[in-house]
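Residues per chain are reported as follows:
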Amino acid sequence: MHSFGKFVATMTIWLAFLGVMIAVFASDAATTLGGGNVVAVIAILAIAAVLGTAAVNTTSEHDSREQAERKKLKRTEQGRIERLMQLMDEDDIVELEEVLKEREVAAIRRMDS
């Protein structure tokens, strides 16, 4: 998740929490439910908001690490292929192309069978 998406998700969580808190304090929930119960509900909702925010941030960091690893692997593979191409002479490249074409034809034949 990009930083703007992370920001929007975090703001949504905390605005929802704020909305619920405003609704609780604007109503007569304290007299209906009792003060202790209202404090317990607020604590549970606050913990849920904190855990939601942590989940957004953890998921984002995990996705960023995976993307970085994929890019690194791709660069490494491209580098290996480029180095291999530099080591090969024209005859080796032609021979490799022939082998690849034969494998492609064989794979097509197997799929048709």
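Residues numbered from 1 in each chain as written. Predicted model: local features only at pLDDT ≥ 70, side-chain atom pairs only at ≥ 80, totals over all residues. Heavy atoms only, no water.

J.: When you look at the overall build of the protein chain in this model, what are you seeing that I'm missing?
T.: Within the protein chain, the regular secondary structure consists of four helices and zero strands. Counting helices and strands in the order they occur from the N terminus, the protein chain gives α-α-α-α. Since a compact globule built from 113 residues should have a radius of gyration of about 13 Å, the 29 Å found for the protein chain marks it as more spread out than a globular shape. Along the three orthogonal principal directions, the C-alpha set of the protein chain runs to about 90 × 40 × 20 Å. Evaluated residue by residue, the protein chain yields a buried proportion of 12% over its 113 residues. Sequence-distant contacts in the protein chain: of pairs separated by 6 or more residues, those separated by 24 or more amount to 72%. (Helix = DSSP H or I, 4+ residues; strand = E, 2+ residues; numbered from the N terminus. Rg over C-alpha atoms; globule rule 2.2 N^0.38 Å. Buried < 20%, exposed > 50% of the residue type's maximum accessible area, 1.4 Å probe, protein only. Contact = heavy atoms within 4.5 Å.)

J.: What should I look at first to understand the environment of V94 in this one?
T.: Secondary-structure assignment places V94 in helix α4 (residues 90-112). Distance from V94 to A107, taken between C-alpha atoms, is 20 Å for residues 13 residues apart in sequence.

J.: Explanation requested: a negative patch on the surface in the structure shown.
T.: A contiguous patch of negative charge on the surface is contributed by D89, E90, D91, D92, E95, E97, E98 and E102. Inspection of the secondary structure puts E98 in helix α4. For E98, a relative accessible area of 46% translates into the label partly exposed. (Patch = residues over 30% accessible without salt bridge, like charges linked within 9 Å, V, L, I, M, F, W, Y side chains within 5 Å. Areas by Shrake-Rupley, 256 points an atom, 1.4 Å probe, with all protein chains shown as cover. Salt bridge = Lys/Arg side-chain N within 4 Å of Asp/Glu carboxyl O. Lys, Arg positive; Asp, Glu negative; His and termini not counted. Charge placed at Lys NZ, Arg CZ, Asp CG, Glu CD.)

J.: It is not clear to me how the side chain of T53 should be interpreted in this structure. Could you clarify?
T.: With respect to the element layout, T53 can be found in helix α3 (residues 35-87). Judged by relative accessible area, T53 falls into the buried class, the value being 15%. In this structure the side chain of T53 is engaged in a polar contact, spanning 2.8 Å, whose partner is the side chain of W14. In this view, T53 contacts T10, I13 and W14; residues no more than four positions away in its chain are not counted. (Polar contact = N/O pair within 3.5 Å; in protein donor to acceptor, adjacent residues only side chain to side chain.)

J.: Looking at this structure, I do not really get the packing of aromatic side chains. What am I missing?
T.: Aromatic rings in a pair are described by how distant their centres are and how their planes are angled relative to each other. In the structure shown here, the tally under the stated rule is one aromatic pair. Consider the rings of W14 and F17, whose centres lie 5.5 Å apart with planes at 80°: the pair is edge-to-face. One end of the pair, W14, and the other, F17, are both in helix α1 (residues 3-26), three residues apart, so they sit about a helical turn from each other. (Phe/Tyr/Trp six-rings, centres within 6.5 Å; stacked < 30°, edge-to-face > 60°.)

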